[in-house]
Every structure is written in structure tokens, then in C-alpha cells.
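Chain by chain, the residues run as shown.
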Amino acid sequence: MYDLEACREFYQGKRVLVTGHTGFKGSWLCRILLLAGAQVTGYSLKPPTDPALFHILGMEAEMDSVEGDIRQLEQLRQTFERVQPEIVIHLAAQPIVRDSYQKPVYTYETNVMGTVNLLECARLCPSVKSLLNVTTDKVYENREWEYGYRECDPLDGYDPYSNSKSCSELVTHSYQKAFFGDGRCAVSTARAGNVIGGGDFANDRIIPDCVRAQAAKKEIVVRNPYSTRPFQHVLEPLFAYLEIMQRQYENPAFQGYYNVGPDDCDCVTTGRLVTMFCELWGPEARWVNRHDGGPHEANFLKLDCSKLKQTFGWTPCWHIGEALQKTVEWSKAYLEGQDMRPVTDRQIRGYFGD
């Protein structure tokens, strides 16, 4: 099992550039990298939420944090030139499906041209040896099939968010073939499913909605309790990203396209997820079904992660029950006013078996 000590052995002293570092996943990832002794630089807009995990953990004082727009090529290029990163992970995105219906142009500018800009900077920066573009499980043409989508299945996301991420995949594939075929830099994409965990304050996500409802002592409103999604704790894909970046750094033969998702037992309906959340939170938690007739979203979606498992021996560590328990534990500690850095660090060390 890839533990925090093994992570330290590789990432200690490595120059790592993380785009989107002020977001939910970015903040957790940067905290892990700092614990592993990496030299971390982040490039991102201001945190997308208030409150924000990035500020709650005091991350700005612990790392090289650059406020910048991924759409601005010149500022991003200057950051690459100054930092000379060895490893790059691309998390910056407009990540909300419903927002993409309201702001399709911004979504495509950020998710497609942002990827072009990142890859162009990596092309011009000879220090980069390992690059990972994180997309989404929604990149696939979703036919509502019961089997998990594989890396060889067609890419054709339906809504502007999903489709822009399909485009981001294609841009990455093109750059890898056209500019990185000499093996100087290994390039991969990771297609991750829905993540949950403490510190997610995003709008229009089910678990943050649940926590906000409890903080306000209100019932939880669920738009579509029958949609099935693969849910995993945020540390699950982050562990996979760290392993992919390390292994392809050491051997470019590991570069490729990887699904990163939970086991079939963790693909549950939204209604079941919220029911489990309420059971863990306590008797005061309750939810109500209130479909709002919103824009199209997939009803059934899951991934086949056989490639990741067979290539790296990877397997999920926390199933849905434990993932929710950790999320509730973190959220209650936050609402009680606890110092969240040690709470966060305990969960990281607990996951990695440190």
C-alpha cells in the first residue's frame, strides 16, 4: 500500500505546480504534498467559495501561492519560468454542471483553452517531466448503460461542463502525441468520479448542501434522489494522482488515460447517500424530495477502473460508509470551531496508514 512515508520518499524536495490549488481538491492535495516535503507552487483564482478550505487550513502561508487565471497564457508562462516545476497537476476548472448551462462560454474558455495554455507552458518548460490533467467521469458519451465506462469508450459529454472536459482530454491527447513523443515529459489524464469530504463548500453539490442544511437547522432538499453516481472520499483520487505522477516520472511507459473511481458497492443513488448522511449526523437530520425540473443531468454513471487497479495495484481504501463518516466528522469539528489543520492532517495520516 502506498503510504505517506513512501509519498515522502519520492516527493521530498520535488518542485510541484498545482493549478486550481485554492479549490476543494486542490487544497487537500497541497496539504498532502506539504506533509510529504514537496516544494509546492499553486496557480489559481481566489478560492471559489467563502468560507474556503484553502483559508481554513492557512495554506497561503505554507506554499508559493500565485493568484492567476488559467486563461491568461503569459502570466502562466511566467510562473512556469520562475518555478521550473518537475511535476505539474492540472485541477483548475469551472467544475459545476448547472453553472455551465448559465456560463457556457466561460466554461469552455476555462476548461479547454486553460488546458491548451497549461500544455503550451509545459511544452516550453524543459524542467517538466510528469504532467497529469484531471478531468471527470462525465467525459464519456453517456448511454445510461449499467456497466462501467472504460478508457477506450467514446468521449462526448452532454452538457457544456462535461463536453468541455471531453475537449480537454482531446487537447491533452494531441499535445502528448505532437510535442511529448520524445519521452521528455510523460503526460496522463485522470477521469475521476464524484468526490466527497470535509471542507467542500461548493454550491449545487449534494454533501455541501447537506452540511449547510444542518448548520442552518433546516431539512435537506434533494433534487433527484434516484440518480446513481460513483461517490468516493476526496483522498481516494488524490492518492491515485500522486501514484500516477510518480510512476510516469520514473517510467514514461506508465503514461496514459486512467479512470479513478470507487468500487461498484459505492455507486449509490443520491437518496441513499443522503439517508446515510442523516443516519451518521443524528436524528435532527432529515431530507425531502423536491425535484426542480432543472437542466439535463445523467441519471446513471459509473466507471470501470480495472486499468488503474491492474497497472498500479490500486484499490479503494475507504468505502462509502467510511467516506461519509470522515466527512461528517470533519464537518462537525468545523461547525464546533475546532482548529481544522490537525483534524485534516489526522485524516490524511489515517488514510495513508501513517
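Criteria and cut-off values
- One numbering rule holds for all chains: residues counted from 1, following each sequence as written.
- Reporting of local features is limited, given that this is a predicted model, to residues whose pLDDT is at least 70; pairs of side-chain atoms are given and counted only at 80 or more, and all residues count toward the totals for whole chains, interfaces and linings.
- Derived side-chain values reflect all non-hydrogen atoms in the structure, with water molecules and hydrogen atoms excluded from consideration.
- Where helices and strands are cited, they refer to DSSP runs of H or I of at least four residues and of E of at least two residues respectively, numbered from the N terminus.
- Accessible area is worked out with a 1.4 Å probe on protein chains only. A residue is then buried under 20% of its type maximum, exposed over 50%, and partly exposed in between.
- A contact between two residues is defined here by any heavy atoms of the two lying within 4.5 Å.
- Each axis is a line fitted through C-alpha atoms, taken for helices only over the stretch in contact, and angles between the N-to-C directions span 0 to 180 degrees.
- With the far helix as reference, a near helix turned anticlockwise by less than a right angle produces a left-handed crossing, and one turned clockwise produces a right-handed crossing.
- Amino acid classes used here: Ala, Val, Leu, Ile, Met, Phe, Trp, Tyr, Cys and Pro are nonpolar; Asp, Glu, Lys and Arg are charged; the rest, including Gly, are polar.
- In this analysis, rings of Phe, Tyr and Trp, with Trp reduced to its six-membered ring, are considered paired at centre separations within 6.5 Å, and the interplanar angle assigns stacked below 30 degrees, edge-to-face beyond 60, and tilted for intermediate values.
- Counting as a charge over the ring demands two things of the Lys NZ or Arg CZ atom: a distance within 6 Å of the ring centre and an angle within 35 degrees of the ring normal.
- What makes a nonpolar core is a set of buried Ala, Val, Leu, Ile, Met, Phe, Trp, Tyr and Cys residues whose side-chain atoms join them at distances within 4.5 Å.
- Put simply, a salt bridge is a Lys or Arg side-chain nitrogen that is within 4 Å of an Asp or Glu carboxyl oxygen.
- Here a polar contact means two N or O atoms within 3.5 Å. Within protein one must be a hydrogen donor candidate and the other an acceptor candidate, and residues neighboring in sequence count only if both atoms are side-chain atoms.
- Two cysteine sulfur atoms make up a disulfide if the distance between them is within 2.5 Å.
- Note: two strands are recorded as paired if DSSP finds a minimum of 2 bridges between them.

(A) Broad picture of the side chain of Gln 176. On the secondary structure map, Gln 176 appears in helix α7 (residues 160-179). Gln 176 sits in the buried class, given a relative accessible area of 16%. If we ignore the near neighbours within four places in the chain, the residues touching Gln 176 are Gly 181, Val 187 and Gln 255.

(B) Seen up close, the packing of helix α9 (residues 235-250) against helix α13 (residues 340-351). Here α9 crosses α13 at 60°, and the two axes come no closer than 11 Å. Our pair here, α9 against α13, has a crossing hand that is right-handed. Residues Leu 235, Glu 236 and Phe 239 of α9 lie in contact with α13, whose contacting residues are Gln 347, Ile 348 and Tyr 351. Split by residue class, the contact of α9 with α13 holds four nonpolar, one polar and one charged.

(C) Main features of the packing of aromatic side chains. All told, the structure shown has 12 aromatic pairs when counted by the stated rule. Between the aromatic rings of Phe 201 and Tyr 334, the centroid separation amounts to 5.4 Å while the plane-to-plane angle is 65°, which identifies the pairing as edge-to-face. One end of the pair, Phe 201, is in the loop between β7 (194-196) and α8 (206-215); the other, Tyr 334, is in helix α12 (residues 320-335), and 133 residues separate them in sequence. With relative accessibility at 26%, the residue Tyr 334 sits in the partly exposed group. Put simply, the rings of Phe 10, Tyr 11 and Tyr 249 pair up and form one aromatic cluster. The side chain of Lys 14 reaches across the aromatic face of Phe 10, ending 4.3 Å from its centre.

(D) Looking closely at the nonpolar core. Tyr 11 and Tyr 241 are the most contacted members of the largest nonpolar core, which totals 53 residues. Counting residues per element, this core draws most heavily on α9, which supplies eight residues. The residues contacting Tyr 241, other than those within four sequence positions of it, are Lys 25, Ile 89, Leu 91, Leu 132, Val 134, Ala 190, Ala 192 and Val 260. Core analysis: the next-biggest nonpolar cluster, separate from the first, contains 22 residues, Leu 76, Phe 80, Val 128 and Val 187 among them.

(E) Spatial organisation of the pattern of salt bridges. Counting across every chain of the model gives 22 salt bridges. One salt bridge connects Asp 64 with Arg 82, and the closest N-O pair in it is separated by 3.0 Å. Note that Asp 64 is positioned in strand β3 (residues 64-67) and Arg 82 in helix α4 (residues 73-83), a separation of 18 residues in sequence. On the accessibility criterion, Asp 64 (27% relative accessible area) is partly exposed. Between Asp 200 and Arg 205 there is a salt bridge, with its nearest N and O atoms 3.2 Å apart. Judged by its relative accessible area of 10%, Asp 200 is buried. By relative accessible area, which is 26% here, Arg 205 ends up partly exposed.

(F) Structural context of the side chain of Thr 115. Along the chain, the position of Thr 115 falls in helix α6 (residues 104-123). Engagement of the side chain of Thr 115 in a polar contact is seen with the backbone oxygen of Asn 111, the distance being 2.9 Å.

(G) The state of the cysteines, seen in detail. Applying the stated criterion across every chain yields a total of zero disulfides. Cysteine Cys 7 is unpaired, with the sulfur of Cys 30 as its nearest cysteine sulfur at 12 Å. For Cys 7, a relative accessible area of 0% translates into the label buried. The cysteine Cys 265 is free of any disulfide, with Cys 267 supplying the nearest cysteine sulfur at 8.2 Å. Assessed through its relative accessible area of 51%, Cys 265 is described here as exposed.

(H) Quick peek at the sheet that holds strand β6 (residues 186-192). Here we have seven strands laid out as an open sheet, ordered β3-β2-β1-β4-β5-β6-β10, and parallel in their pairing. The sheet terminates laterally at β3 and β10 (257-260), the two strands that pair on one side only. Pairwise comparison of adjacent strand axes, ignoring direction, gives a mean angle of 15° for this sheet. Pairing geometry for strand β5 (residues 130-134) and β6, over five bridges, is parallel.

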